[in-house]
Structures are given as structure tokens and as C-alpha cells.
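A structural walkthrough
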Amino acid sequence: MKNYFSIQDIDSLDKWIDEAIEIKKAPLSDKALGVNKTLGLLFFNPSLRTRLSTQKAALNLGMNVIVMNFSNEGWSLEYEDGTVMNQGNSEHIKEAAQVVSQYCDILAIRAFAKLEDRDEDYSEKVVKGFMKYATIPVINMESATGHPLQALADAITITEYKMNDKPNVVLSWAPHPKALPQAVANSFVEMMQQIDANFVITHPVGFELASQITKQVPIEYNQNKAFKNADFIYVKNWSSYTDYGKVSSLEDSWKITEEKMKVTNNAKFMHCLPVRRNVVVDDVVLDSANSIIVEQANNRTFAAQLVLKKILKSEQ
Ligand code: SN0
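So, here's what we can say about the structure. Being a predicted model, the structure only gives us computed values, none of them experimental.

Further remarks concern the overall build of the chain. Of regular secondary structure, the chain possesses 13 helices and 10 strands. What you see for the chain is a C-alpha radius of gyration of 20 Å, in line with the 20 Å of a compact globule of 316 residues. For the chain, with 316 residues in total, the buried portion stands at 55%. A separation threshold of at least 6 residues defines the contact pool for the chain, and within that pool the share at least 24 residues apart is 79%.

The subject of this paragraph is the side chain of His176. Structurally, His176 can be placed in the loop between strand S7 (168-172) and helix H8 (183-192). With residues up to four places along the chain from it excluded, the contact list for His176 reads Asn237, Arg276, Val279 and Val280.

With that out of the way, let us pick up the site of the ligand. All residues in the neighbourhood of the ligand are listed as Phe112, Glu142, His176, Lys178, Leu180, Pro181, Lys236, Cys272, Leu273 and Arg276. At 2.9 Å from an oxygen atom of the ligand is found a side-chain nitrogen or oxygen belonging to His176. Side-chain polar atom of Lys236 to an oxygen atom of the ligand: 2.7 Å apart, as the coordinates give it. Protein contacts shield 86% of the accessible area of the ligand, which totals 410 Å² for the unbound molecule.

Let's shift gears to the sheet that holds strand S10 (residues 268-270). The strands making up a sheet associate through hydrogen bonds between their backbones, and the pairing can be parallel or antiparallel. Across the sheet, four strands lie side by side as S8-S7-S9-S10; this open sheet has parallel pairing. With one partner strand each, in any of the chains shown, strand S8 (198-202) and S10 form the two edges of the open sheet. Taking the axes of each pair of neighbouring strands and ignoring which way they run, one obtains an average angle of 20° across the sheet. The sheet contact formed by S7 and strand S9 (residues 232-235) spans four bridges and is parallel.

Once that is clear, we can look at the pairing of S8. For S8, a buried count of four out of five residues is recorded, marking the element as mostly surrounded by other parts of the structure. Taken together, S7, H8 and S8 constitute a β-α-β crossover, and its handedness is right-handed.

A word on the packing of aromatic side chains. Counted by the stated rule, this structure contains 10 aromatic pairs. On the basis of an interplanar angle of 70° and a centroid distance of 5.2 Å, the ring pair of Tyr122 and Tyr241 is categorised as edge-to-face. Taken together, the positions of Tyr122 in helix H5 (residues 118-122) and Tyr241 in the loop between S9 and helix H11 (258-261) put the pair 119 residues apart, joining distant regions of the chain. Following the ring pairs from residue to residue traces out a cluster consisting of Phe44, Phe70 and Phe130. Positioned above the aromatic ring of Tyr241, the side-chain terminus of Arg118 is 3.9 Å from the ring centre.

Below, the discussion takes up the pattern of salt bridges. Any two side chains of opposite charge can pair, on the condition that their charged atoms come close. Evaluated as defined, the whole model comprises 14 salt bridges. Here Glu160 ties to Lys24 by a salt bridge, and the two come within 2.8 Å at their closest N and O atoms. Placement of Glu160 in helix H7 (residues 148-161) and of Lys24 in helix H1 (residues 13-25) is noted, with a sequence separation of 136 residues between them. Between Glu295 and Lys24 there is a salt bridge, and its shortest N-O distance comes to 2.6 Å. Here Glu295, found in helix H13 (residues 293-315), pairs with Lys24, found in helix H1; they are 271 residues apart in sequence, far enough to count as distant.

As a further point, take the pairing of strand S1 (residues 38-43). A regular strand carries its side chains on alternate faces of the sheet. The buried count for S1 comes to six of six residues, which makes it a mostly enclosed element. With burial as the criterion, each face of S1 is covered, one bearing Thr38, Gly40 and Leu42 and the other bearing Leu39, Leu41 and Phe43. Bridging between S1 and strand S2 (residues 64-69) involves six bridges; their strand directions are parallel. Looking at the pairing, Thr38 lines up with Asn64 of S2. You can see the chain leave S1, run along helix H2 (residues 49-60) and come back into S2, and the turn it takes is right-handed. Where S1 lies against strand S5 (residues 106-110), five bridges are found, and the strand directions are parallel. Note that in S5 the partner of Leu39 across the bridge is Ile106.

As a further point, take the nonpolar core. Judged by nonpolar contacts, the single largest core of 66 residues is most densely connected at Tyr4, Ile139, Leu152, Leu171, Met191, Phe199 and Leu308. Take this core: its biggest share by element is eight residues, from H13. Contact partners of Met191, with chain neighbours within four places excluded, come to Ile7, Ile10, Leu13, Ala151, Leu152 and Ala155. Formed by 21 residues, the second largest nonpolar core is a distinct cluster that contains Phe70, Ile93, Cys104 and Ala134.

The next thing to look at is the layout of surface pockets. Approximately 580 Å³ is the volume found for the largest pocket. At the level of secondary structure, the elements contributing two or more residues to the lining of the largest pocket comprise H2 and H8. Its residues placed into classes, the lining of the largest pocket shows 15 nonpolar, nine polar and seven charged. Within this model, the second largest pocket holds a volume of roughly 390 Å³. The wall of the second largest pocket is formed by 20 residues, among which Phe44, Tyr79, Ala111, Lys114 and Val126 lie closest to the centre. Of the residues in the lining of the second largest pocket, the class split is 10 nonpolar, five polar and five charged.

Reading the values: rules and limits
Residues numbered from 1 in each chain as written. Predicted model: local features only at pLDDT ≥ 70, side-chain atom pairs only at ≥ 80, totals over all residues. Heavy atoms only, no water. Helix = DSSP H or I, 4+ residues; strand = E, 2+ residues; numbered from the N terminus. Rg over C-alpha atoms; globule rule 2.2 N^0.38 Å. Buried < 20%, exposed > 50% of the residue type's maximum accessible area, 1.4 Å probe, protein only. Contact = heavy atoms within 4.5 Å. Near = heavy atom within 4 Å. Polar contact = N/O pair within 3.5 Å; in protein donor to acceptor, adjacent residues only side chain to side chain. Areas by Shrake-Rupley, 256 points an atom, 1.4 Å probe, with all protein chains shown as cover. Pairing = 2+ DSSP bridges. Axes fitted to C-alpha atoms, helices over the stretch in contact; angles between N-to-C directions. Right-handed = clockwise from strand over helix to strand, strands pointing away. Phe/Tyr/Trp six-rings, centres within 6.5 Å; stacked < 30°, edge-to-face > 60°. Lys NZ or Arg CZ within 6 Å of the ring centre and 35° of its normal. Salt bridge = Lys/Arg side-chain N within 4 Å of Asp/Glu carboxyl O. Core = buried A, V, L, I, M, F, W, Y, C linked by side-chain atoms within 4.5 Å. 1 Å grid on protein atoms, 1.4 Å probe; cavity = no way out; pocket = protein on both sides within 12 Å on 5 of 7 lines; lining within 4 Å. Points joined across faces, edges and corners; volume = space filled by probe spheres on them. Nonpolar A, V, L, I, M, F, W, Y, C, P; charged D, E, K, R; others polar.

Below, the structure is given as C-alpha cells:
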């Protein structure tokens, strides 16, 4: 495997999940694999889990890690070909990607959707730009439209916690004061299409995700109905795809409450974090025994470690 851009880069999901669970049992068993190799992490946006779990994964593999916060410390990059660069942007991605490639063996990038221009976000100019001009493998640490490391950790988590072979899984939209990307939801939806589960998405009218991603996945506009008998409730806010970047302030009724969780089949509660307490979900749900958010975040390390291991092995 060269790049890990989306979950389409996973060749055999069942094997990957098994392998990640093996890594979790003995995270230091491949400590020699990455010795004298450098992972470069470029962040255009904030991070807690992604930064530390990816760094931890690299350390478990014996790699060195260098990190750069591009948003406030890097030159602002130009992405268009042939631009006369007499405006704000200082450096072209062509040079930036090639130069960084000389310092690292693997590059991982976070570049969120700007939520201003849908075509621009969905063209993935930042991460795809790096993939085009870098001469080393590139890993997506949340691009404009996807978060495949999160989705892999989610698949590992569901595998660990499921009580039957075909669990009922619900992706529920929830309210949020800010416009958030569709990336986490998109990758989760793509992942759930690869997993044996009864999967349904629930959100208010107008918050449909891109149909090229949701494909045949059923959408239930009645949240309470969707929650009935669910084994997993995966919660995420996203801003509108159709009315691109729009937020809804009128949907407090979509907040996840203890009452709503009662109609489920004693469902596990999942969220990628960070989560706005008592806006997205009530404290009592987040702090309940059914909430598996911390263990879900723990699996980010093993998802990242598996991806790094696959790339290191294929580069040998
Ligand atoms: C990001 C998102 O894509 O929704 C990252 C999730 C892993 N989340 C946020 O930006 C939340 C920011 C906030 O202020 O709550």
C-alpha cells in the first residue's frame, strides 16, 4: 500500500481488523520495523487524538516523528497551477511537498473542509495535492471529505463490542453550534457499507450526506424510530451538504438524551470526540457505562499503527 487516503485503500477489511486487534495485544512487537524511518505530521487544523495516537503508533514501530502546525507556523500554500503568486500565498504545494518528502519517509496530513465551496472541498486539493507532488507515501489524518483512520478505529471498536454477528448500527446527526465537516460521517458511512451490520442513518431533513457516499443506506428521519433496538448509536454533527456548510440552530430536539437511549437494545454510545457536552449529548449518556468513547479513542493508536505498518512493509 502506498497511500492511505480513504477506506477504499483497505484491501481486506476483516484481515485488517484482526491484525489491528493483534497489534493491540502486543503493540511493541514490530518495534524494529520503523527504526531510522521518519514520519512527518502536517496539521492545518487542531488535533488531540489524531496527533498523539499517530505519534504513539509511530513510536511503537520504532519510528522518529516530526510534527508541524501548518496553519499558524507554515507558509500559506498555493495550490493552483500557473498562478501569478502576487497575492497572499507564499509557497506552492509543488515545492512544499517535494521538500518535505526529502525529510521524511511517510507523510500524514490533516486538512479540514473549509465549508465555503463544496466543489473545492470535495476536490480534496490539499491532501490530494500532497499525494500528487510528494515522493513518499501519504496518510489522511482527516481531509476535507474523509477521516479514514477514525473509521478504521470505529470498525475495530464495533468488532470488539458487538454481541452478535450482525449488529444494528445507527449513525445519528446531533446539534452543534459550529459548522462541522461531513468527513467523519462520510468515512463512517463508507465503513459501515463494508461491515456486516444493519445500518441506518438518521438526521433532520436537509442534512443528507452526499448520495455518492450514502448510496443505498436507508435514511430514517424519525430519530426515535431509528434508535429502536439499536446495538450501537454513533453520534456526529455535520453541516449541510446540500445547503453547503449551513448549520441548524433549531434542532435541539436531536440532542442525545438518556430517554432516547432507553429505546435501544442497551446500545453502546460512540463519538469520535471532541464532543460538546449537553449540546450534542447529555452528560448522563456520555458518563454512562454504555459509553465507549474512551476505548474508541484508544483504538486510534492501533488503526494508525496498522496503516503505518502496512506502508513500512510495502516499502521494504
Ligand atoms: C472535527 C470534525 O470534523 O467534526 C474533528 C473531529 C475528529 N470536529 C470539530 O472541529 C469540533 C470543533 C468544536 O468546536 O466542537
